[in-house]
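Remarks on the overall topology
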Amino acid sequence: MSQKLINLNPDLKRLRDEGYFVQIVGGFLVMREVPYVNAQRQVKQANFISSLTLAGDLTRTPDTHVAYFDGEYPCLADGTPIHQISHSSGDLVLGNGVTAKHSFSSKPSAGYSDYYHKMTTYAALVSGPAAQVKSDASARVFRVPEEEENSSFHYTETASDRVGIGALTQKLEGEKIAIIGVGGTGSYVLDFVAKTPVREIRIIDGDEFLQHNAFRAPGAPTLEELREAPKKVDYLKGIYGRMHRGIVTHPVQLTADNMHLLDGITFAFLAMDGGDAKRRIVERLEAMDVSFIDVGMGLELVDGSLGGIVRTTASAPGKRDHFRSRVSFADGGEANVYSSNIQVADLNALNAVMAVIKWKKMRGFYRDLEGELHSSYTTDGNILTNPETT
């Protein structure tokens, strides 16, 4: 991906053509082996790093004049620090294996026109003094990386790295996720998970995508698409496969005969009705020692308005005793308050948000002080409770 992206953009290609050792790493543009002088007047090499603003696979004007530097503080030829570019210092973990020790600020009056302008300006600021100490010191090393980035996405994910949470996002990279049921809530779960760098997303659902689904799922199908009555999984892969490489579809209902479709997963979201099918899936996931989250919704129409509860229940190895007291396996939907099949898109989305946030908590992305295992949101009163915690 890095080589293709560089070749598509004149500013990035010019950097590489002129001998600068540049690479796309996550949402960063990295210039490697830039020579500089340290306080002991020694010539060293370090990396310059810039956030990368893209429109698809095309670069835009740099969104910031600040750049990162992963080395000792650079100096003039006599060992005097280059104070005029000072911004902040401290060990920084930027994500995707990229680290830095300083950030620098050098802003031309009209800003940087492109990434060639930005990166060569910063390289010249520190490599110029290095060339005074060592005549052959140059940032133009005429080398390219041996291996390019292997990404879960079809285009570079810049959202995390530009706001400094790339290292957190990496915690999700190795996941193989199953989403069982991609109706109203499950389709929103897919929407959110597809924007993370998980290795694989298996979507399992045997139903067709019909008119009522269009009003409970993210996006907006055309009339022509609805006429074709595609399988839900195929319709949704057609959308999210544009972004994420790892979407695998299974247009079937899980039964005792095809439970092998869950083999190898590391996490599962259950967004399906109750009944024996759910019981068998839960038992299989427990036997596999896999963590999972089950979602549910119960709405009632009373006196001309809707009210009810949205539920998220997590199960993890060593933390499963609560699950059967909170989730019903009754046929035709959940018992009592969850027996209604009324659903609306905003609450489907909320249910998915609650589930995905909990998954990210379980993986260390979000802080989790209570370790809640069961949460419920009540529409009347806007009440969120966590009656089950670790």
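Starting from 1, residues in each chain are numbered consecutively following that chain's sequence as written. Under the rules for a predicted model, residues below a pLDDT of 70 receive no local features and side-chain atom pairs below 80 are neither given nor counted, while totals for whole chains, interfaces and linings still include all residues. Processing note: side-chain calculations cover all non-hydrogen atoms of the structure and skip hydrogens and water entirely.

Salt bridge, as used here: a side-chain nitrogen of Lys or Arg that lies within 4 Å of a carboxyl oxygen of Asp or Glu. Considering all chains together, one arrives at 17 salt bridges under this definition. The residue E286 makes a salt bridge to R324 at a minimum N-O spacing of 2.9 Å. Taken together, the residues E286 in helix 10 (residues 276-287) and R324 in helix 11 (residues 323-326) connect sequence positions 38 residues apart. For the salt bridge of E388 with R326, the shortest nitrogen-to-oxygen distance reads 3.3 Å. Of this pair, E388 sits in strand 16 (residues 383-389) while R326 is found in helix 11, placing the two residues 62 residues apart along the sequence. For R326, a relative accessible area of 29% corresponds to the partly exposed category. Bridged by salt links that share partners, the residues D205, D207 and K232 form one connected network. Each helix is a run of H or I in the DSSP string that is no shorter than four residues. Each strand is a run of E no shorter than two, and both are numbered from the N terminus. Throughout this description, buried means an accessible area under 20% of the type-specific maximum (1.4 Å probe, protein chains only), exposed means over 50%, and partly exposed covers the range between.

Only strands joined by at least two bridges in the DSSP assignment are considered to pair. Alignment of strand 7 (residues 86-95) against strand 8 (residues 98-105), held across 6 bridges, turns out to be antiparallel. Looking across to strand 8, one finds that G95 is bridged to V98. Hairpin connection between strand 7 and strand 8: a loop of 2 residues separates the two successive antiparallel strands, and N96 in this loop has a positive phi of roughly 60 degrees.

Of note in this structure, E33 is not a glycine but carries a positive phi near 60 degrees. Looking at the element boundaries, E33 is found in strand 2 (residues 28-37). A positive phi is found at D289, a non-glycine position, where the angle reads about 65 degrees. Considering the arrangement of structural elements, one finds D289 in the loop between helix 10 and strand 13 (291-302).

Strand order in the open sheet made by the 6 strands is 1-2-3-6-8-7, with antiparallel pairing throughout. A single partner strand is all that each edge strand has here, and the edge strands are strand 1 (21-25) and strand 7. Neighbouring strand axes in the sheet, compared pairwise and without regard to direction, differ in orientation by 35 degrees on average. The pairing of strand 6 (residues 66-70) with strand 8 spans 4 bridges and is antiparallel. With axes taken as lines fitted to C-alpha atoms, and helix axes fitted only over the stretch in contact, angles between N-to-C directions fall between 0 and 180 degrees.

Further remarks concern helix 2 (residues 10-17). Of the positions making up helix 2, those classed as buried are D11, L12, L15 and R16. In an axial view of helix 2, the angular spread of the buried residues amounts to 135 degrees, which keeps them on one side of the axis. By the convention used here, residues are in contact when the closest approach between their heavy atoms is within 4.5 Å. Taken together, the buried residues of helix 2 touch helix 1 (2-8), strand 1, strand 2, strand 5 (58-59) and helix 3 (115-133). The first or second residue beyond helix 2 is G19, which carries a positive phi of 100 degrees. The reported arc concerns the directions from the helix axis to the C-beta atoms and nothing else.

By nonpolar core we mean a set of buried residues, namely Ala, Val, Leu, Ile, Met, Phe, Trp, Tyr and Cys, connected to one another through side-chain atoms within 4.5 Å. One finds I179, V193, I201, I203, F269 and W359 to be the most contacted residues of the largest nonpolar core, which totals 33 residues. For this core, the elements supplying multiple residues, two or more each, are strand 9 (176-180), helix 6 (184-193), strand 10 (200-204), helix 9 (232-240), strand 12 (267-270), strand 13 and helix 12 (345-362). The element best represented in this core is helix 12, accounting for 5 residues. For I179, the residues in contact, after removing those within four places along its chain, are G186, V189, L190, I201, R202, I203, I204 and F269.

So, about helix 9. All buried positions along helix 9 are accounted for by K232, V233, Y235, L236 and Y240. When helix 9 is viewed along its axis, its buried side chains cluster within an angular range of 160 degrees and face the same direction. Along its buried surface, helix 9 packs onto helix 6, strand 10, helix 7 (211-214), helix 8 (223-227) and strand 11 (247-250).

Aromatic contacts are taken between Phe, Tyr and Trp rings whose centres are within 6.5 Å, Trp giving its six-membered ring; a plane angle under 30 degrees counts as stacked, one over 60 as edge-to-face, and the others as tilted. Under the criterion given, the structure shown has 13 aromatic pairs. Measuring from ring centre to ring centre gives 6.3 Å for F48 and F104, while their planes differ by 65 degrees; the resulting arrangement is edge-to-face. Remark: F104 occurs in strand 8 and F48 occurs in strand 3 (residues 43-51); sequence separation between them is 56 residues. Ring centres 5.2 Å apart and planes at 75 degrees place the aromatic pair F292 and F323 in the edge-to-face group. Linking F292 in strand 13 with F323 in helix 11, this pair joins segments that are 31 residues apart in sequence. In terms of burial, F292 and F323 fall into one category: buried. Within the aromatic cluster, the residues linked to one another by ring pairs are Y36, F48, F69, Y73, F104, Y112 and Y122.

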